[in-house]
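Notes for the structure review
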Amino acid sequence: MTAALWLLLALVLSSTAALVVGVVLTQQVLRHDDDQPWSRRIAVALLWPWAAFEGMRRGRVVAPALFVVFTLTYAALQLAAAVADFSA
Amino acid sequence: MKKLGRILLGTLGVLALTAFALVALGASAWLHLQQTVGRRALGDAIGGFASSQMPGSLRVEGVRTARLPLVEVDRLRVRTAGGMEVMDLRDVSTDLDVFASAYHGGPIFRRADVGGGEISIVQSPNGKPWIERAFARRSSSSSSSGKPWWAPPGRFVMRLEDASYESIRLMVEAGGTEARLTDASGRARIWLPDRSDVQMRFWGVSGRLQTSTDIVPTADVHGLALTVDPTGPSTVRFASGLDALDADMTVAGHVPSRDGSGGRMCLWTGGAPLASLFGVGAEVGTSLFTDVSFDMRPSEAPSRPRCREES
């Protein structure tokens, strides 16, 4: 497999993993937010970094950490794709 | 009961999350294919997979669009194992049938538009065109004991079902006879089933023809039909209309496979000069690859010309 193929695979897997972990994280945070206003609940559901922060604030470790790791990995891979010359 | 309900709910949740993950994976792959790295990866994947399944190599250069099924590339090149270039197509826009390709184990293109390039159909020493030796691959069910070293076992299928092109250069060379068609436009189909034969068919072709024969050195071609089919006694069969020798002609012929008899070309003309001599027209048969011999007899210009084997 060429470098472009490996990079594409890594981008797809890291973005999908971040997406899935984000959904799980949001569900974990919102499960205990029945007393919160709807605006705040919608904002947490849409802004996953906020959901990660709320999760960490409530003592959760694994899901927020995974979300941060996958998101940072995806960002680094996008940077690498932008720097590398794949135009040929 | 409550516990069973929670187990069921948990299972449903896992299934829903799995389904979501699969959908997210597909959407992510489709989106990232639009990026530069994705387009480059698609070109590498198509070229790499095809090259690993055939004796020669297939290279895709400059993927401009990767919105499956639509794929647009700047250049597509095919070479034999020895490095001889047999196909060089430019500005190719094609529809890749992803599901059919996965099912058949090779790329299936439903449609293609080719802006230009060159296809070389040159006979190799073993009688088959080099372009077939670039693609040919024996199936695992082949009973041949003397399998050549360039034919790894396995199954590889490739189909290009309907390609339209303009400004293609088509070169045919067999047994010392050369024919070159430039600025060719028309339609084509390429089939490589899971055996060692590649079939190519060109039809509705127009262009400028140059040959190494004395009879028709140059001519404008219209309505050319050319078939490359190693499964039959003749590897290459052709029929076309020609504007040559100040007359409107029809020519047909065939180039044999290695074990076949000599090739033959027949020429029909209903043009004014000969029509007055023979009535309706004349049939001129000449053998390829041997001394030229003429066989002139009056005949009607056939609507579907067939050039019979020598008796």
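The text that follows walks through the structure, step by step, so that each part is easy to find. As the structure is a prediction and not an experimental result, all values here were calculated from the model.

Let us look at the overall build of chain A. Across its full length, chain A holds 4 helices and 0 strands. Starting at the N terminus, the α and β elements of chain A follow one another as α-α-α-α. Over its C-alpha trace chain A gives a radius of gyration of 16 Å, far above what one expects of a compact globule, namely 12 Å for 88 residues. For the C-alpha atoms alone, the extent of chain A along its principal axes is close to 55 × 25 × 15 Å. Residue burial in chain A is summarised as follows: out of 88 residues, 39% are buried.

Summing up its helical and strand segments, chain B has 5 helices and 13 strands in all. The burial tally for chain B puts 46% of its 311 residues in the buried class. Of the contacts made within chain B by residues no fewer than 6 positions apart, 46% connect residues no fewer than 24 positions apart. Of the roughly 15800 Å² of accessible surface on chain B, a fraction of 56% belongs to carbon and sulfur atoms.

Moving on to the nonpolar core. One finds B:V78, B:I119, B:I121 and B:F202 to be the most contacted residues of the largest nonpolar core, which totals 62 residues. Considering each element in turn, this core owes the most residues, 7 residues, to strand β5 (residues 158-174) of chain B. Ignoring sequence-local partners within four residues, the contact set of B:F202 consists of B:I119, B:I121, B:Y165, B:L170, B:R187, B:A188, B:L224, B:A225 and B:L226. Core analysis: the second largest hydrophobic core is formed by 9 residues, A:V21, A:L25, A:L30 and A:V44 among them.

To continue, consider the pairing of strand β2 (residues 70-79) of chain B. Residues and elements named next belong to chain B. Sheet topology places strand β1 (residues 57-67) next to β2; 9 bridges connect them, and they run antiparallel. Bridge pairing in β2 places R59 opposite R77. Joining the antiparallel neighbours β1 and β2 is a turn of 2 residues. Between the end of β2 and the start of strand β3 (residues 85-96), which pair antiparallel, lie 5 residues, with G83 showing a positive phi angle near 95°.

All names here are of chain B. Bridge count between β2 and β3: 9 bridges; the pairing is antiparallel. Along β3, the bridge assignment pairs V71 with T94. Relative to strand β4 (residues 108-122), β3 is paired through 9 bridges, and the arrangement is antiparallel. Pairing of D88 across the sheet is with E118, part of β4.

Now for the interface of chain B and chain A. Of the residues lining the interface, 18 residues belong to chain B; the matching set on chain A comes to 21 residues. Across the chain B/chain A interface, buried area totals approximately 1600 Å², and carbon plus sulfur atoms make up 76% of it. Looking at the side of chain B facing chain A, the largest losses of area belong to B:H32, B:V37 and B:R40, adding up to 34% of the total buried there. Connecting chain B to chain A are 0 salt bridges. Viewed at the interface, chain A and chain B are joined by 4 residue pairs in polar contact (both at pLDDT 80 or more). When its residues are assigned to classes, the side of chain B that touches chain A shows 10 nonpolar, 6 polar and 2 charged.

What follows concerns the packing of helix α2 (residues 38-46) of chain A against helix α3 (residues 48-57) of chain A. Residue and element names in this part refer to chain A. Contact pair α2 / α3: the axes reach a minimum separation of 5 Å and the direction vectors enclose 105°. Between α2 and α3, the crossing angle belongs to the class labelled roughly perpendicular. Along its contact with α2, which presents R40, A43, V44, A45 and L46, the element α3 presents W48, W50, A51, E54 and R57. Its residues placed into classes, the contact of α2 with α3 shows 7 nonpolar, no polar and 3 charged.

Glancing now at helix α1 (residues 2-32) of chain B. The terminal C-alpha atoms of α1(B) lie 44 Å apart, and with 31 residues this matches the ideal 45 Å at 1.5 Å per residue to within 8%. Where α1(B) is concerned, the buried positions are B:A24, B:S28 and B:H32. Contact partners of the buried residues in α1(B): α1 (3-30) and α4 (62-83) of chain A together with α2 (36-53) of chain B.

Residue and element names in this part refer to chain B. If you walk through the whole model with that rule in mind, you get 5 cavities of 30 Å³ or more. As for the second largest cavity, its lining consists of 18 residues, of which L76, L89, V92, F109 and L160 are closest to the centre. Among the residues making up the lining of the second largest cavity, the classes are represented as 17 nonpolar, 1 polar and no charged.

Reading guide: rules and limits
- Residues numbered from 1 in each chain as written.
- Chains lettered and ligands numbered in written order.
- Predicted model: local features only at pLDDT ≥ 70, side-chain atom pairs only at ≥ 80, totals over all residues.
- Heavy atoms only, no water.
- Helix = DSSP H or I, 4+ residues; strand = E, 2+ residues; numbered from the N terminus.
- Rg over C-alpha atoms; globule rule 2.2 N^0.38 Å.
- Buried < 20%, exposed > 50% of the residue type's maximum accessible area, 1.4 Å probe, protein only.
- Contact = heavy atoms within 4.5 Å.
- Areas by Shrake-Rupley, 256 points an atom, 1.4 Å probe, with all protein chains shown as cover.
- Core = buried A, V, L, I, M, F, W, Y, C linked by side-chain atoms within 4.5 Å.
- Pairing = 2+ DSSP bridges.
- Buried area = accessible area lost by both parts, 1.4 Å probe.
- Salt bridge = Lys/Arg side-chain N within 4 Å of Asp/Glu carboxyl O.
- Polar contact = N/O pair within 3.5 Å; in protein donor to acceptor, adjacent residues only side chain to side chain.
- Nonpolar A, V, L, I, M, F, W, Y, C, P; charged D, E, K, R; others polar.
- Axes fitted to C-alpha atoms, helices over the stretch in contact; angles between N-to-C directions.
- Parallel < 35°, antiparallel > 145°, perpendicular 65-115°, else oblique.
- Expected span 1.5 Å × (residues − 1).
- 1 Å grid on protein atoms, 1.4 Å probe; cavity = no way out; pocket = protein on both sides within 12 Å on 5 of 7 lines; lining within 4 Å.
- Points joined across faces, edges and corners; volume = space filled by probe spheres on them.

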